[in-house]
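The residues making up each chain are set out below.
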Amino acid sequence: MIRLALSMLYHFTLLFGLASSAAAFTMQLAPYAEFHHVEIGEYTDDQTNVGAITAITQDKRGFMWVGGENGLVRYDGHKVSLYRAHSGNSLGANYVQDLIPDGDDYLWVATVGGISRLNLETGLFDNVNKDSGQLPGNDVLSIALYNNLLFAATTEGLAILDKHTLQPQTLPFVHQLPELLHIRYAFVFRDTLWLGTSHLGLIEIDLTSNTITYYTPDANNPDSIPHADVRGIFTYDGKTYWLASLGGGFMRLDYENQKFTQYSASPEADIPFVTNDVWGVRGDSRGFIWVGTDSSGLWRIDSVTAKVDGYVHDPSVFEALGSNKARITYEDNERNLWVGHFTGELDYYNREQETFVRYKKSNRFHKGLNHSSVLSILPADALNVWVGTEGGLNLLDARDGSRLSLTTENSGLLANPVLALERDQQGHLWLGTWGGGLQRYHPETQQWHNLLDHPDPNKRIPSTYIWALENDNKGNLWVGSQKKGIYKLRLSDGHVTHYPYNTAYQSGRQTKYPGVVGEFIRDICIDNSGTLWIASLHGLSRYNPELDQFDLFTHNNQNINSPASNQAISLLSHSSGDLWIGFRDAGLSIYRAASKTFEHFGIKQGLPSPSVGSLLEDSKGNVWAGTPVGLVKINSDLSDLKTYKQVHGLAGANHNRNANLLDDNGRIWIGSKEGLSIFYPSLLEQKRLSNSTVLSGIRINHGKTYDKEYWQNERALPKALRYDQNAISFEFSLNQFYLPQLNEYQYRLQGLDQQWQKTMRYNSANYTNLDPGTYTFEVKGKSANGDWGEQVTQLSFTIAPPPWRQWWAYILYACFVYAGFAAYRNYMAVRARSAIYEQLSQQDPLTELPNRIALNNRVEQWQHQNLPFSVIVADLDHFKHINDTYGHDAGDLLLKEFSHIAAEETRDTDLLGRWGGEEFLIVCQTSDMEVIHTIAERIQKSVAMQSFIFNEQLIQMTVSFGCATHHENENFNELFQRADQALYEAKANGRNRVVKAA
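Definitions and limits used
Residues numbered from 1 in each chain as written. Predicted model: local features only at pLDDT ≥ 70, side-chain atom pairs only at ≥ 80, totals over all residues. Heavy atoms only, no water. UniProt positions renumbered as here; feature names shortened; annotations may be inferred. Helix = DSSP H or I, 4+ residues; strand = E, 2+ residues; numbered from the N terminus. Buried < 20%, exposed > 50% of the residue type's maximum accessible area, 1.4 Å probe, protein only. Contact = heavy atoms within 4.5 Å. Lys, Arg positive; Asp, Glu negative; His and termini not counted. Charge placed at Lys NZ, Arg CZ, Asp CG, Glu CD. Patch = residues over 30% accessible without salt bridge, like charges linked within 9 Å, V, L, I, M, F, W, Y side chains within 5 Å. Areas by Shrake-Rupley, 256 points an atom, 1.4 Å probe, with all protein chains shown as cover. Salt bridge = Lys/Arg side-chain N within 4 Å of Asp/Glu carboxyl O. Polar contact = N/O pair within 3.5 Å; in protein donor to acceptor, adjacent residues only side chain to side chain. Pairing = 2+ DSSP bridges. Axes fitted to C-alpha atoms, helices over the stretch in contact; angles between N-to-C directions. Parallel < 35°, antiparallel > 145°, perpendicular 65-115°, else oblique. Nonpolar A, V, L, I, M, F, W, Y, C, P; charged D, E, K, R; others polar. Phe/Tyr/Trp six-rings, centres within 6.5 Å; stacked < 30°, edge-to-face > 60°. Core = buried A, V, L, I, M, F, W, Y, C linked by side-chain atoms within 4.5 Å. Arc of directions from axis to C-beta. Expected span 1.5 Å × (residues − 1). 1 Å grid on protein atoms, 1.4 Å probe; cavity = no way out; pocket = protein on both sides within 12 Å on 5 of 7 lines; lining within 4 Å. Points joined across faces, edges and corners; volume = space filled by probe spheres on them.

- In the nomenclature of an unreviewed UniProt entry, the chain corresponds to diguanylate cyclase from the organism Marinagarivorans cellulosilyticus.
- Quoted straight from UniProt, the Cofactor (unreviewed entry) entry for the chain says "Mg(2+)".
- What the UniProt record of the chain gives under Catalytic activity (unreviewed entry) is the line "2 GTP = 3',3'-c-di-GMP + 2 diphosphate".

Shown next as structure tokens:
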């Protein structure tokens, strides 16, 4: 730990020392990026990772492949398929060192045990190694393709194979190379092969002339290669090459001038860098060279400007780089960045987010806000904007971040939550706070003035909670409070007029001087005619300045020409002259000024939520409505709408405050509970078609998942299924990796389904008891940040009829028609009915899971075979309350949803069934308590993390579990009682947990 701390201190001393020096260029932290961490171990059956990640690539169908010291995985955004070495047809060795896909549906895998070629059509491996006589050594560190040749860099020399036949090839230059050459890296650019070695530096081989050039360190030549170890090579154009070296930092070769430049931490380096130990270099499509280090983070150099900046790990920042041992990078087909770490972490950075400016709570890498939850926004000048948050006030420059932070700890601010902002003609900033009342701040003098306890009662605003502020440009500041109605502050002399809550109006009695309709003020707005409107949780109020009174508008069930609800929380004066009103529980109402009528727009019209807490008009007249589940763009004529969330680049989806701004550049500033987003509407509105959906696996009769991709080429299974192979599950994916849980799919089985079926949380489709015949499975997908893809993925297959329905059987029947037709027909009918009755008797009709009979049969079978087994008893928490609150249809839906989730988390050897009511039983062929406890915990966490929608209502569900393993000489009833007692303890201890039986 001391050595690690000293190392980090050295690196960061070097980093920030260089940033302040007058060097040719400086090194600094790169612009803030949010890395998403993919935990591979969470997706594998045995919950193990592949260890240190050594290689990343993507095949032409979009699957990501990750190699490490403990295997190879294929990742589709939903699950991984794990490949490891075993006695059958498999990977040559578990330690993977390089990956290359080619255009012939092969994936080449370099391992410590030779080279494995995976056929992506058949799922089969071809392995070559030293024992087969095709390689000089088994330890293959790198591979490269050139036409029909494969170059393999090994610790014992260079191997050249025909990529089709896998036979060794001998090119004229091979005999000129030193024997037992330790080659770390092979790289082909055009007709040149470059070899990085462990002790001879860099070797250049012209494949057309077979000439060899050596680049070795030379103390007498300052332009020579600085270090003999080369383990990474990259170039864009063949003029400038970038090299990685363990011990020599990273190096740049000016090929035309034959000059090397060294970036390292050594005093002799040409250009200072944070470390000498660099593991890899790779360029991307944006001109950045990415440099992976041994323990100093991830760095990049702009190949045009030579600017160096980087990313480092910070355990206190969840979105930071996964570790400082970021050794390799890969840019996928959508130009997003993947980072593999020696520690086993796999990071993903969605670079589409770079087109948006987003600010969240400040951290070491992010010059952001006092708090991520944004409550109010107000322009300060041409460059800066005031942003009120739950944690105080920030003066923000959209380009450089927060310039000023004001909190209760460093200023005269009385309460950190700043709910409302406004300014007056004298340059004062007015703040409405939660807990500190109304305050005035002068930015130039930095003086604060508090109206909460002003000594003059005529200038006092005694409310501690101020929700809304509006300058009417007539010398008045209107102040909306919580529970005390509204105040009018005369800015010239500070005189305050109070308009309280009009209780008389609410009771139906008119008063001479009616106040506002509600005491809970949420927003204030001045329309195009100069009229003041006030939104409250009891309705709308319109100010009449001539009478100094209010016109009151409340919801009336008998009058459609009234507001949609009384709970008004946001207002917008539209350029058309109309007034838009957002409600907490009823969507929108638009008050048409010309006709003095209300028009309503809610869930039925497409709004994703009945709560609209934010309203803003853009430069084209579109209205942007903030809801708790996303930002909705609505055409001014209500003809079209679209919802945007984090996956589209926004900082957050929960917009519960009217914190927004359209700046002079046409950009929208929108606050949410998760942060502030700044964007041009045109960028968010760009249409993007989703990727084509690919089939990632198929399961027949609930058995093993076959994840061979040849269905994409053949579009049909290679042979007909037997008549008893009539239960088929399909797995599919968009291979879209940013928030893949938000992807949507539609599928249907032609020959069975009459219409498309929709699924959101699952990427699989299950069919059982299919009749013999020909079917075509079709699926298409929609990523969360795109539209439905136009291409439909299809897979055709045939289920053969049973033997008694084959043609030869009918000939045989004809021969015996006179003798035994009637008896045979009766026998077949009885047999068919018996099979159906037997099947139905062992299946729960609602969930289609095995019932109590089937579970008892499985237990009896295992007991007869003396097999070890255990049981897990699961019970849905508060199920009666759910039935009573939402109805039995909702309860049935949750039972089905739990069945799907539990089935996904159980093993092929386990049997999941419905025991009765809301109780389920899983029998597991194991006596290991930790195994069944892990299964139960996975199901419990999966259920607790999800929300379920029924009739547009959000339902949360949790499940309690009891686990017990079978003891010797114990009957099933005794075992079940112990598990049931553990379940009772789980319920008694607060539910939503797993308890082991004693």
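Next comes the rest of the description.
Observations regarding the overall build of the chain
So, step 1. Summing up its helical and strand segments, the chain has 11 helices and 72 strands in all.
So, step 2. The dimensions of the chain, computed from C-alpha atoms along their principal axes, are 100 × 100 × 55 Å.
So, step 3. In the chain, which comprises 998 residues, the proportion classed as buried is 54%.
So, step 4. Considering only contacts within the chain whose residues lie at least 6 apart along the sequence, 53% involve residues at least 24 apart.
So, step 5. Here the chain carries 84 positive and 110 negative side-chain charges, and the mean point of each set is 5 Å from the other.

What to know about a nonpolar patch on the surface
So, step 1. Among the surface-exposed residues, W807, W808 and I811 lie close enough to one another that they form a single nonpolar patch of about 400 Å² accessible area.
So, step 2. If you trace the backbone, W807 turns up in helix α5 (residues 807-815).
So, step 3. Accessibility expressed as a relative area gives 61% for W807, which makes it exposed.

Considering the side chain of T627
So, step 1. On the secondary structure map, T627 appears in strand β52 (residues 623-627).
So, step 2. From its side chain, T627 meets the backbone oxygen of G630 in a polar contact 2.8 Å long.

Quick look at the pairing of strand β48 (residues 579-583)
So, step 1. For β48, the buried fraction is high: five of the five residues fall into the buried class.
So, step 2. By the alternation rule, side chains of β48 split into L579, I581 and F583 and W580 and G582, which are all buried.
So, step 3. Bridging between strand β47 (residues 568-573) and β48 involves five bridges; their strand directions are antiparallel. The partner of S573 across the bridge, within β48, is L579.
So, step 4. Remark: five residues form the turn of the hairpin made by β47 and β48, two consecutive strands paired antiparallel; G577 in that turn has positive phi of roughly 100 degrees.
So, step 5. Relative to strand β49 (residues 588-592), β48 runs antiparallel, the two sharing four bridges.

A word on the pairing of strand β17 (residues 211-215)
Each regular strand displays side chains that alternate between the two surfaces of the sheet.
So, step 1. Relative to β17, strand β16 (residues 202-206) runs antiparallel, the two being bridged by five bridges. Bridge pairing links L202 to Y215 in β17.
So, step 2. Counting the residues between successive antiparallel strands, the hairpin from β16 to β17 contains four residues, one of them, N210, with a positive phi of roughly 60 degrees.

A look at the packing of helix α8 (residues 879-886) against helix α9 (residues 888-905)
So, step 1. For the pair α8 and α9, the least separation of the axes is 6 Å and the interaxial angle reads 135 degrees. Judged by the inter-axis angle, α8 sits oblique to α9. Facing α8, whose interface residues are F879, I882, N883 and Y886, α9 presents H888, A890, G891, L894 and L895.
So, step 2. For the contact of α8 with α9, a count of residues per class yields six nonpolar, three polar and no charged.

Examining unusual backbone geometry
So, step 1. We note that R190 has phi near 55 degrees; this positive angle belongs to a residue other than glycine.
So, step 2. With respect to the element layout, R190 can be found in the loop between β14 (183-189) and β15 (192-197).
So, step 3. A positive phi angle is found at A306, which is not glycine, with a value near 70 degrees.
So, step 4. Checked against the element boundaries, A306 lands in the loop between β25 (298-302) and β26 (308-311).
So, step 5. By relative accessible area, A306 is classed as partly exposed at 22%.

Remarks on the environment of D771
So, step 1. Within the element layout of this structure, D771 appears in the loop between β63 (764-767) and β64 (773-782).
So, step 2. Once the C-alpha coordinates of D771 and Q725 are considered, the two residues, 46 residues apart in sequence, prove to be 10.0 Å apart.

With respect to the packing of aromatic side chains
So, step 1. Overall, the coordinates contain 57 aromatic pairs when judged by the stated rule.
So, step 2. Ring plane angle 85 degrees and centroid distance 5.2 Å describe the contact between Y499 and F550, whose orientation is recorded as edge-to-face. One end of the pair, Y499, is in strand β42 (residues 496-499); the other, F550, is in strand β46 (residues 549-553), with 51 residues separating them in the sequence.
So, step 3. Taking the relative accessible area as the measure of exposure, Y499 reaches 5% and is therefore buried.
So, step 4. Each ring, one from Y767 and one from F777, has its centre 6.4 Å from the other, and the planes form 75 degrees; the classification is edge-to-face. Residue Y767 is located in strand β63, and its partner F777 is located in strand β64; the two are separated by 10 residues in the primary sequence.

Considering the nonpolar core
So, step 1. By size, the foremost hydrophobic cluster in this structure holds 33 residues, and its most contacted members are L202, I233, F250, F273 and V281.
So, step 2. Elements with a minimum of two residues in this core: β14, β18 (232-235), β19 (240-245), β20 (249-254), β21 (259-264), β23 (278-283), β24 (288-293) and β25.
So, step 3. Looking at which element gives the most residues to this core, the answer is β19, with four residues.
So, step 4. One finds A902, I922, F948 and F950 within the second-largest nonpolar core, a separate group that totals 31 residues.

A few points about the sheet that holds strand β27 (residues 326-331)
Think of a sheet as strands paired side by side through backbone hydrogen bonds, with each pair either parallel or antiparallel.
So, step 1. Spatial ordering of the open sheet is given by β2-β29-β28-β27, a layout of four strands whose pairing is antiparallel. With one partner strand each, in any of the chains shown, β2 (36-38) and β27 form the two edges of the open sheet. Averaged over all adjacent pairs, the angle separating strand axes in this sheet is 25 degrees, with direction ignored.
So, step 2. Two elements, β2 and strand β29 (residues 346-349), share three bridges in a ladder whose sense is antiparallel.

Let's talk about α8
So, step 1. For α8, the full list of buried residues reads F879, I882 and N883. The arc that holds every buried residue of α8, seen down its axis, measures 95 degrees, which confines them to one face. Away from its buried face by more than 90 degrees, α8 exposes K880, H881 and D884.
So, step 2. In this fold, the buried residues of α8 make contact with β66 (870-876), α9 and β70 (953-956).
So, step 3. Note on α8: the residue one or two positions beyond its end, G887, has a positive phi of about 100 degrees.

As for helix α11 (residues 972-988)
So, step 1. With 17 residues, α11 extends 24 Å between its outermost C-alpha atoms, agreeing within 8% with the 24 Å of an ideal straight helix rising 1.5 Å per residue.
So, step 2. When we look at burial in α11, the residues that qualify are F972, L975, F976, R978, A979, A982, L983, A986 and K987.
So, step 3. Where α11 is buried, its residues contact α7 (852-864), β66, β67 (911-916), β68 (919-924), β71 (959-965) and β72 (994-996).
So, step 4. Two or three places before N973, at the opening of α11, N971 has a side-chain oxygen 3.1 Å from that residue's backbone nitrogen.
So, step 5. Directly after α11, the chain includes G990, whose backbone phi takes a positive value near 115 degrees.

As for the pattern of salt bridges
So, step 1. The tally for this structure, following the rule as stated, stands at 33 salt bridges.
So, step 2. E930 is paired through a salt bridge with K996; the nearest N and O atoms lie 2.7 Å apart. Taken as a pair, E930 in helix α10 (residues 929-944) and K996 in strand β72 lie far apart in primary sequence, 66 residues in all.
So, step 3. Relative accessible area serves as the criterion here: at 45%, E930 is assigned to the partly exposed category.
So, step 4. For K996, a relative accessible area of 34% translates into the label partly exposed.
So, step 5. Each of E34, R358 and K360 takes part in salt bridges that share partners, so that together they form one network.

Focus: the layout of surface pockets
So, step 1. Of the voids in this model, the second largest pocket is the one considered here, and its volume is about 1,200 Å³.
So, step 2. Q97, D98, S142, Y185 and R282 are, among the 40 residues lining the second largest pocket, the residues nearest its centre.
So, step 3. Elements with a minimum of two residues in the lining of the second largest pocket: β3 (53-58), β7 (96-101), β11 (140-146), β14, β18, β23, β24 and β27.
So, step 4. For the lining of the second largest pocket, a count of residues per class yields 25 nonpolar, nine polar and six charged.

Comments concerning the sheet that holds strand β36 (residues 429-433)
So, step 1. Strands sit in the order β35-β36-β37-β38 across an open sheet of four strands; the sheet is antiparallel. The outermost strands of the open sheet, each flanked by one partner alone, are β35 (418-423) and β38 (447-450). Strand after strand, the sheet turns through a mean of 25 degrees between neighbouring axes, direction not considered.
So, step 2. In this structure, β36 lies alongside strand β37 (residues 438-442), joined through four bridges in antiparallel fashion. Along β37, the bridge assignment pairs L431 with Q439.

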